[in-house]
Amino acid sequence: MRFRAKFQGHQLAAAVVWLGVSCAWIHKPNADPAIRGAYLVSGVLWLLIGISCLANYFFTWLEIDAVGLIQRRLWSVRVVPWNEVTRVGPWQPGKIPANSRRQRSSPRYSANWLSVDYARAAPMSDRGELVFHPAERDALVSALRAHASEADFDLFPVKP
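Residues numbered from 1 in each chain as written. Predicted model: local features only at pLDDT ≥ 70, side-chain atom pairs only at ≥ 80, totals over all residues. Heavy atoms only, no water.

Novice: Any chance you could explain the pairing of strand β2 (residues 60-64) here in plain terms?
Specialist: Within a regular strand, the side chains alternate between the two sheet faces. The buried count for β2 comes to five of five residues, which makes it a mostly enclosed element. Burial of the side chains of β2 extends over both faces: Thr60, Leu62 and Ile64 are buried on one face and Trp61 and Glu63 on the other. The pairing of strand β1 (residues 2-4) with β2 spans three bridges and is antiparallel. The residue of β2 that forms the bridge with arginine 2 is glutamate 63. Note that β2 and strand β3 (residues 68-73) share five bridges and pair antiparallel. For leucine 62, the partnering residue across the bridge sits in β3 and is glutamine 71. Taking the residues that link successive antiparallel strands as the turn, the β2-β3 hairpin has three residues. (Buried < 20%, exposed > 50% of the residue type's maximum accessible area, 1.4 Å probe, protein only. Helix = DSSP H or I, 4+ residues; strand = E, 2+ residues; numbered from the N terminus. Pairing = 2+ DSSP bridges.)

Here it is, written out as C-alpha cells:
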C-alpha cells in the first residue's frame, strides 16, 4: 500500500498569486529598478516554493510492505522493519526529550501530522522518528496497527 503526503493546495495557490503579482511588477513600465529587482527575487522564490510543493506531493510517500514501513523522499529511502516500530501517534512539534532538564508543559499535538517512532537494537542501534502528513490518516493508522502489533498507538482509539 502506498500513502501520499497531503497536497498543500493553499501553499501552491499563494505561490501562484504572488508569482503573478511579481510578474506584473516586473513588467510595469515606470517602476523603480530597485523595486523591480525585489519583485524579481520574490517571484523566483515563490516559483521555487511552488515547485517544492508539487515535488513534495509527487515524490514523497510511505509504503506498507511485508518487510516494514518504507519512507521515500525524492531519491532517499528509509526502511523501518515492523519489529522496530515503537510508537505511532500525532506529531508533537517541539517535543522535549525525556532526559532533558527543561520544564515540560502540556504536550501540543498536531492532529494532521503523524509520527512513527522507531528504535533499533545493538550492534547498529538507532532511534528516530518518521514525521508524515498523510492524505488518508485513518487508513494509514489502521494499516500500521495491522502490521506493527508491538507498537504503542497514542490517542488513536481502536475502531471495531
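Novice: Could you clarify how one ought to interpret unusual backbone geometry in this entry?
Specialist: It is generally the case that most residues other than glycine have a negative phi and that most peptide bonds are trans. Positioned with a positive phi, leucine 74 is a non-glycine residue whose angle comes to about 50 degrees. Note that leucine 74 resides in the loop between β3 and β4 (76-81).

Novice: I would appreciate a short explanation of the sheet that holds β3 in the present structure.
Specialist: Strand pairs in the sheet, formed through backbone hydrogen bonds, run parallel or antiparallel to each other. On the basis of which strands lie adjacent, the open sheet formed by four strands has the order β1-β2-β3-β4 and antiparallel pairing. Of all the strands in the sheet, the pair left with one neighbour each is β1 and β4. Strand-to-strand twist of the sheet, defined as the mean angle between neighbouring strand axes without regard to direction, takes the value 20 degrees. Sitting on the sheet, helix α2 (residues 33-59) is in contact with β1, β2 and β3, with an inclination near 10 degrees to β2. Helix-sheet contacts for helix α3 (residues 137-147) involve β1, β2 and β3, and the interaxial angle to β2 is about 35 degrees. (Axes fitted to C-alpha atoms, helices over the stretch in contact; angles between N-to-C directions. Contact = heavy atoms within 4.5 Å.)

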